[in-house]
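Structural features, examined
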Amino acid sequence: MTHAVVDLDENGRLLVPGTRTPVPQARVAEHLARHLRVPERATDLYVYVHGWQTGAQAAGRAAEALIARAVELRRTAPTAYPGLAGRGYRPWCVVVRWPSSSLPSPAGYRRIRDRAHAMSGPGRGQAGLVIGHLLGYLDAERGRPDAPEVLANRSGQYLHLVGHSFGGRFLCEAVQWAAERPAAGPRVLGWSGPADPARPFTVDSALVFQMAAPRDAFDRLFPRLFPAPGRPGAPLRGPLVLTHSRWDRATGFWHLRAEGAPGIGHSGVGTAPVGQYSTALLATDTPYSKQVLDHPIVNIDAGRVFRGSVTGRRLAPAGAHSDFQHPESAHLLLSLAAFSR
């Protein structure tokens, strides 16, 4: 699988490829249309955003590895994901890269936390414009999907968001602002959540590994993500699935020192304005039921699998924070894609 790359600077501005020059705000849509040409044969589009202390090349390798595992898993178990039997599963990925490095200290953690939040804030960062483009809201030429049962962008592909660490925070902020120019059109998706007819082209699933955010983030930090009286919420049609592991020291120890409490990646979501469901990360030979994943927020306890690396007799500084490259993760990714049909 090949992937496209979008680079943002420390202020969340889109960069001209290979340079540190920001794309003028008025030309962002034109730039994205030129550089994010989605292959017509792709069935599933992934937007992957990396987390803390991740370099540009490492971000691409992580996205490639995760999706390659999903492709291989489906190849070896072709009947395990019946939702993918129709048009198949041919993924393509956009990797959003941003400066996420800092000193491994509470101050460094807070610095990157604040940067991730500001990357998409109105009037500043442009991450929401990237997701908005893929949703079709910035494309004046956009038409209807090719087939009535396929509903993401104008070519008829499904759109999935995948984040790690602060990348999940980044995505939640971005998707809040991704659809300020909703368009009319059909709406048919596999999930049971209520639909907004003004936003027919939506994110079909969102998966965040080890999110670096407070447990009450969906109450405090992302007020527009979910519907509320008088407003429709973000264009997030499928579930928001978040893994956690008690072996994650970055969102346990480091988050505790920086913010006074463990984070979602360590302990799961706490309070939220919508319904939640909690379950465990399943082995590849155990199917997820749609009833398990079909909730606004799904907490996945991955502590059995995400345990981190050990050097000598000591746990690595971040623990299990980046230990999500497992077949079980690909199984969850494939299951979400299958149920989005």
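Keep in mind that what you see is a predicted model, and the values were worked out from it rather than measured.

**Quick look at unusual backbone geometry**
Of note, Gln 53 is a non-glycine position whose phi angle comes to about 60 degrees, a positive value. Among the secondary structure elements, Gln 53 is positioned in the loop between β2 (44-49) and α2 (56-76). The class of Gln 53 is partly exposed, set by a relative accessible area of 35%. With a phi angle near 60 degrees, Ser 165 is a residue other than glycine that sits in the positive phi range. Summarising the element assignment, Ser 165 is placed in the loop between β4 (158-164) and α5 (166-176). The class for Ser 165 is buried, based on a relative accessible area of 1%.

**Focus: the packing of aromatic side chains**
If you walk through the whole model with that rule in mind, you get eight aromatic pairs. Ring plane angle 90 degrees and centroid distance 5.0 Å describe the contact between Trp 52 and Tyr 109, whose orientation is recorded as edge-to-face. Placement of Trp 52 in the loop between β2 and α2 and of Tyr 109 in helix α3 (residues 106-118) is noted, with a sequence separation of 57 residues between them. Of the residues examined, Tyr 109 reaches a relative accessible area of 1% and is grouped as buried. Here Phe 218 and Phe 226 contribute two aromatic rings whose centre-to-centre distance is 6.2 Å and whose plane-to-plane angle is 65 degrees, an arrangement assigned as edge-to-face.

**Details of helix α7 (residues 250-259)**
Residue pairs three or four apart in sequence face the same way in an α-helix, which turns once every 3.6 residues. Of all the positions in α7, only Ala 250, Thr 251, Gly 252, Trp 254, His 255 and Ala 258 are classed as buried. The inward-facing, buried residues of α7 abut α3 and α8 (264-267). Directly after α7, the chain includes Gly 260, whose backbone phi takes a positive value near 85 degrees.

**A closer look at the packing of α3 against α7**
Where α3 contacts α7, the axes come no closer than 9 Å and their chain directions differ by 90 degrees. It follows that α3 is roughly perpendicular to α7 by the angle criterion. Packed against α3, whose contacting residues are Pro 106, Tyr 109, Arg 110 and Arg 113, the element α7 presents Ala 250, Thr 251, Trp 254, His 255, Arg 257, Ala 258 and Glu 259 at the interface. Considering only residue class, the contact of α3 with α7 consists of five nonpolar, two polar and four charged.

**Focus on helix α10 (residues 327-339)**
With 13 residues, α10 extends 18 Å between its outermost C-alpha atoms, agreeing within 8% with the 18 Å of an ideal straight helix rising 1.5 Å per residue. Within α10, the full set of buried residues consists of Glu 328, Ser 329, Ala 330, His 331, Leu 332, Leu 333, Leu 334, Ser 335, Leu 336, Ala 337 and Ala 338.

**As for the sheet that holds β2**
Reading across from one edge, β1-β3-β2-β4-β5-β6-β8-β7 is the order of the eight strands in this open sheet, with parallel pairing throughout. Only two strands of the sheet have a single neighbouring strand rather than two, namely β1 (3-7) and β7 (276-280). Ignoring which end each strand starts from, the neighbouring axes of this sheet average 20 degrees apart. As paired strands, strand β5 (residues 205-209) and strand β6 (residues 240-244) are joined by three bridges and run parallel to one another. Residue pairing in the sheet places Leu 207 in a bridge with Val 241 of β6. Those strands touched by α2 are β1, β2, β3 (91-97), β4 and β5, and its axis lies near 155 degrees from that of β3. Along the sheet, α5 contacts β2, β3, β4, β5 and β6; its crossing angle with β4, the most-contacted strand, is approximately 140 degrees.

**Topic: the confidence of the model for the protein chain**
Taken over all residues, the pLDDT of the protein chain has a mean of 82, while the share at 70 or more is 82%. Contacts from residues 138-152, a stretch scored under 50 in pLDDT, to residues over four places away or in other chains number 50 contacts. Counting interchain partners and residues more than four positions distant, the pLDDT-below-50 stretch residues 181-190 has 35 contacts.

**Some words on the pattern of salt bridges**
Scanning the model with the defined rule gives eleven salt bridges in all. Arg 113 is the salt-bridge partner of Glu 259, the closest N and O atoms lying 3.5 Å from each other. Note that Glu 259 is positioned in helix α7 and Arg 113 in helix α3, a separation of 146 residues in sequence. Arg 113 gets classed as buried once you look at its relative accessible area, which sits at 16%. Notably, a salt bridge pairs Arg 220 with Asp 216, separated by 2.9 Å at the nearest N-O pair. Residues participating in the shared-partner salt-bridge network are Arg 113, Asp 114, Arg 169 and Glu 259.

Conventions we followed
Residues numbered from 1 in each chain as written. Predicted model: local features only at pLDDT ≥ 70, side-chain atom pairs only at ≥ 80, totals over all residues. Heavy atoms only, no water. Helix = DSSP H or I, 4+ residues; strand = E, 2+ residues; numbered from the N terminus. Buried < 20%, exposed > 50% of the residue type's maximum accessible area, 1.4 Å probe, protein only. Phe/Tyr/Trp six-rings, centres within 6.5 Å; stacked < 30°, edge-to-face > 60°. Contact = heavy atoms within 4.5 Å. Axes fitted to C-alpha atoms, helices over the stretch in contact; angles between N-to-C directions. Parallel < 35°, antiparallel > 145°, perpendicular 65-115°, else oblique. Nonpolar A, V, L, I, M, F, W, Y, C, P; charged D, E, K, R; others polar. Expected span 1.5 Å × (residues − 1). Pairing = 2+ DSSP bridges. pLDDT = per-residue confidence, 0-100. Salt bridge = Lys/Arg side-chain N within 4 Å of Asp/Glu carboxyl O.

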